[in-house]
Amino acid sequence: MLGPISRPSKFAPRGLPLQRSAAAQFDEVVAIEVTRLEKRLPQVVARVEFAIEDVPNLDLDATEIPLTHASGGTSHEPYRIVVFRRPIELRAERSGAGLSWLVRSALVLELADVLALSPEQIDPDFDTDDD
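Residues numbered from 1 in each chain as written. Predicted model: local features only at pLDDT ≥ 70, side-chain atom pairs only at ≥ 80, totals over all residues. Heavy atoms only, no water.

Caption draft 1: Quick peek at unusual backbone geometry. One non-glycine residue with positive phi stands out, namely Ala116, at about 55°. In this fold, Ala116 is placed in the loop between helix H4 (99-115) and helix H5 (119-122). Judged by relative accessible area, Ala116 falls into the exposed class, the value being 69%. (Helix = DSSP H or I, 4+ residues; strand = E, 2+ residues; numbered from the N terminus. Buried < 20%, exposed > 50% of the residue type's maximum accessible area, 1.4 Å probe, protein only.)

Structure follows, in structure tokens:
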């Protein structure tokens, strides 16, 4: 595409593309949800490192595809929670659930499991039946 819209302008300071990728949009949703949790529980979230990967590395005999994975939590390393982009996106599309709701739910459930708390202790507004 040639023309003024493909070059940097006040509408697109870096030029094309004007639209963000699905991965960039997903990263933003995760960042918003982590920030929201951090504001609610700063001392808890400070002990956790968050990461995003496209898909989980599965064994051939795996029966379920996880949305998140937690590891670490030793005296030498913080907890690490990995959010898997494609499984969450596909589940959000299939179920009709909002992407941000599904990311929020996955993060709350994983944090609750890792820290041995109830989901309501992590997020008092947590409700698995929301859409």
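Back to the text.
Caption draft 2: Here's a closer look at helix H3 (residues 85-95). Taken together, the buried positions of H3 are Arg85, Pro87, Ile88, Glu89 and Ala92. On its buried side, H3 packs onto helix H1 (22-40), strand E1 (48-53), strand E3 (79-84) and H4. (Contact = heavy atoms within 4.5 Å.)

Caption draft 3: Here's a closer look at the nonpolar core. One finds Leu37, Ile88, Val103, Leu107, Leu111 and Ile122 to be the most contacted residues of the largest nonpolar core, which totals 27 residues. At the level of elements, H1, helix H2 (42-45), E3, H3 and H4 are the ones that each hand at least two residues to this core. Looking at this core, the element that brings in the most residues is H4, giving 10 residues. Those residues within four positions of Leu107 in sequence are excluded, and the remaining contacts are Glu33, Val34, Leu37, Phe50, Ile81 and Val83. (Core = buried A, V, L, I, M, F, W, Y, C linked by side-chain atoms within 4.5 Å.)

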